[in-house]
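Structural features, examined
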Amino acid sequence: MLDIRLIRKDPEGVRRNIMKRHREAYLQYFERLLSVDTELRKKMSELEAKRAEHNKITRLIAQQLKQGPPQASETQNMAAKLSSDIGEMEKVVEALRVERDRLLKLVPNLLDDTTPDGLDETANVVVRSVGDKPVFDFEPKSHVDLITQLDLADLDRAAKIAGSRFYFLKGDLVLLDLAILRFALDRLVEKGFTPVFPPEMMRREAYEGVTPLQDFEDTMYKIEGEDLYLIATSEHPLVAMHMDETFEPEELPLKYAGISVNFRKEAGAHGKDTKGIFRVHNFNKVEQVVFCRPEDSPKHLEELLSNAEEIFRALEVPYRVVEICSGDISPKNAKQYDVEAWMPAQLTYREVVSTSNCTSYQAVSLNIKYRLRHGSAEKDYVHTLNSTAVATPRALVAILENHQQRDGVVKIPRALTPYMNGRTEIAPKAKPT
RNA sequence: GCUGGGGUCUCCUAGCCUGGCAGGGAGCGGGCUUGCUAAGCCCGUGGUCCAUGUGGCCGCGCGGGUUCAAAUCCCGCCCCCAGCGCCA
């Protein structure tokens, strides 16, 4: 969420920024927030004055009782009256505070000045296209046909026991999945990232700090009867792990490479990508997470993007980088890039990476700060950034489709050969003649 | 899961039994003193509010309750430690 103090200090500036998202609802939340917050502060002042009065009397009672019990009863009656007044006022203030916080969480992050303006995804800006699209002298097969033909996954039996959007991954595709994850992890470790296996469930309180409320409805799975949610990405536990902490300046930037399973309901995606393993309920992902000083976050955003691009170049998958416009960007992001891989069977680019600068939006919710100078009392919120390094079902789809040969063989990218025990291709099983 | 012990400001710790403004130490930062890279002294080192001051309010794992008053008493929950149980 935004820092309420910033909103109080410059409501007009915040309003102008929110308008750039072209969503009437955001503005309504914001205007309502301003009035509720004003009312809250007024009521709080009154409450605190009353408490101050009550505290004085309470101290008086303590003194009187030292001198002798009989003197205290009259003052105690006054204190009791004040105490019940305070109880009433507290209820009012608490209701206002709950409403203020609810609205505050609904107001989106301030956009970076460089985020392109636009109404929806059609206004996203292609920054660059990298790699040559493969030229086939045959009709390229979809990944669905390839995994069926090569016996690399079983979708029907997965549906039987778990439902749609689940899969049994099999044989060489399992080895390739692990190879990709390990390859990506190694590249990040070389760059100073600390690899982390995080908890794959989180409590609601911590979770609310890293993701919009709407995600509890349409993204996250809840464990029945427990205050636990399956993580939708390792970004969530990795960012939340430092809640209520203050970093010394020399500890920043802090870089993690999270590796985990990701669970997503994909509610609202009915009918999209229903076949194959492109859009699924659980998948593996290596994620980059950075905590840094505010002035460094634009630089780190470019680094995270560059790291992800490096991995897709090594996988020999053609891609383009897209800058997400103000109407399409996630509410928690100030600036966002997507990397989209070329999918030859669909003749289109599909999202495989999302790189985000959340600036202080998550840090404010989670109360993550740093000292401006070592030992100094002055603190400010850190910035958090996250980016996919690689997510495997989608990377597998890209590799299968881009590296397929006429004879049904799929070439393994050279960079992965060492991670595949020297293997260079995935071939159909020899059929008995 | 059971039994017992615990969670206090950045860290350590006192206070809890017996309710009355959370005290001490260390580290860190700033200042002063001094012949030096020693030693000493003073201030600061949770959050928040606006009327910005010798100010108020809140804060002792979280949430309730009792009371004029709760770190302290009562209830529920979370987490840590030890032992037992279970277990890949």
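From a predicted model like this one, the values you see are computed outputs, not experimental measurements.

About the cut-offs
- Residues numbered from 1 in each chain as written.
- Chains lettered and ligands numbered in written order.
- Predicted model: local features only at pLDDT ≥ 70, side-chain atom pairs only at ≥ 80, totals over all residues.
- Heavy atoms only, no water.
- Domains from an automatic or database assignment.
- Contact = heavy atoms within 4.5 Å.
- Buried area = accessible area lost by both parts, 1.4 Å probe.
- Salt bridge = Lys/Arg side-chain N within 4 Å of Asp/Glu carboxyl O.
- Helix = DSSP H or I, 4+ residues; strand = E, 2+ residues; numbered from the N terminus.
- Expected span 1.5 Å × (residues − 1).
- Buried < 20%, exposed > 50% of the residue type's maximum accessible area, 1.4 Å probe, protein only.
- Patch = residues over 30% accessible without salt bridge, like charges linked within 9 Å, V, L, I, M, F, W, Y side chains within 5 Å.
- Areas by Shrake-Rupley, 256 points an atom, 1.4 Å probe, with all protein chains shown as cover.
- Lys, Arg positive; Asp, Glu negative; His and termini not counted.
- Charge placed at Lys NZ, Arg CZ, Asp CG, Glu CD.
- Phe/Tyr/Trp six-rings, centres within 6.5 Å; stacked < 30°, edge-to-face > 60°.
- Polar contact = N/O pair within 3.5 Å; in protein donor to acceptor, adjacent residues only side chain to side chain.
- Axes fitted to C-alpha atoms, helices over the stretch in contact; angles between N-to-C directions.
- Parallel < 35°, antiparallel > 145°, perpendicular 65-115°, else oblique.
- Left-handed = near helix turned anticlockwise from the far one by under 90°.
- Nonpolar A, V, L, I, M, F, W, Y, C, P; charged D, E, K, R; others polar.
- Pairing = 2+ DSSP bridges.
- Core = buried A, V, L, I, M, F, W, Y, C linked by side-chain atoms within 4.5 Å.

**Let's talk about the domain arrangement of chain A**
Domains assigned within chain A are domain 1 (4-106) and domain 2 (121-426). On a C-alpha basis, the centroid separation for the pair domain 1 and domain 2 is 42 Å. Across the boundary between the two partners, domain 1 contributes eight residues, which contact 10 residues of domain 2. Here domain 1 meets domain 2 over a buried area of about 700 Å², counting both sides, of which 39% is carbon and sulfur. In terms of surface lost to domain 2, no three residues of domain 1 exceed Arg5, Arg21 and Lys105, which account for 64% of the buried area on that side. Viewed at the interface, domain 2 and domain 1 are joined by one salt bridge. Here Lys105 ties to Glu208 by a salt bridge, and the two come within 2.9 Å at their closest N and O atoms.

**Some details on helix 11 (residues 297-314)**
For helix 11, spanning 18 residues, the distance from its first C-alpha to its last is 26 Å, which sits close to the expected 26 Å at 1.5 Å a residue. All buried positions along helix 11 are accounted for by Ser297, His300, Leu301, Leu304, Leu305, Asn307, Ala308, Glu309, Ile311 and Phe312. With its phi angle positive at about 55°, Glu316 sits one or two positions after the end of helix 11.

**Quick word on a negative patch on the surface**
A contiguous patch of negative charge, built from Glu205, Glu226, Asp227 and Asp244, is present on the exposed surface. One can find Glu226 in the loop between helix 9 (215-218) and strand 6 (229-230).

**Brief notes about the packing of aromatic side chains**
Tallied over the entire structure, the rule returns eight aromatic pairs. For the pair Phe183 and Tyr419, a centre-to-centre distance of 5.8 Å together with 85° between the ring planes defines the contact as edge-to-face. Taken as a pair, Phe183 in helix 7 (residues 172-190) and Tyr419 in the loop between strand 16 (410-411) and strand 17 (425-426) lie far apart in primary sequence, 236 residues in all. Taking 5.9 Å as the distance between ring centres and 75° as the angle between the ring planes, the aromatic pair formed by Tyr207 and Phe216 counts as edge-to-face.

**Some words on helix 13 (residues 392-402)**
Helix 13 sits mainly inside the fold: 11 of its 11 residues count as buried. Among the residues of helix 13, Thr392, Pro393, Arg394, Ala395, Leu396, Val397, Ala398, Ile399, Leu400, Glu401 and Asn402 are the ones counted as buried.

**Concerning the side chain of His403**
Considering the arrangement of structural elements, one finds His403 in the loop between helix 13 and strand 16. The class of His403 is buried, set by a relative accessible area of 9%. Among the polar contacts made by the side chain of His403, one reaches the main-chain carbonyl oxygen of Leu315 at a distance of 3.1 Å.

**Topic: the packing of helix 7 against helix 11**
At a closest axis distance of 11 Å, the pairing of helix 7 and helix 11 adopts a crossing angle of 135°. On the basis of their axis angle, the class for helix 7 and helix 11 is oblique. The handedness of the crossing between helix 7 and helix 11 comes out as right-handed. Seen from helix 7, the contacting residues are Phe183, Ala184, Arg187 and Leu188; seen from helix 11, they are Asn307, Glu310, Ile311 and Ala314. In terms of residue class, the contact of helix 7 with helix 11 is built from five nonpolar, one polar and two charged.

**Here we look at the sheet that holds strand 13 (residues 369-371)**
Spatially, the three strands line up as an open sheet ordered 7-13-14, and their pairing is mixed. Strands with a single pairing partner mark the edges of an open sheet, and in this sheet they are strand 7 (246-247) and strand 14 (379-381). Here strand 7 pairs with strand 13 via two bridges, running parallel. Bridged to Thr246 within strand 13 is Lys369.

**Focus on the nonpolar core**
Judged by nonpolar contacts, the single largest core of 57 residues is most densely connected at Leu176, Val286, Leu315 and Val390. By size, the runner-up hydrophobic cluster in this structure holds 45 residues, among which are Ile18, Leu33, Tyr207 and Phe216.

**Notes on the sheet that holds strand 9 (residues 282-292)**
Spatial strand order, 1-10-11-12-15-9-8-4: eight strands in an open sheet with mixed pairing. For this open sheet the edge positions go to strand 1 (125-130) and strand 4 (194-196), each flanked by a neighbour on one side alone. Averaged over all adjacent pairs, the angle separating strand axes in this sheet is 25°, with direction ignored. The sheet contact formed by strand 1 and strand 10 (residues 319-323) spans five bridges and is antiparallel. Looking at strand 10, one finds that Val130 is bridged to Tyr319.

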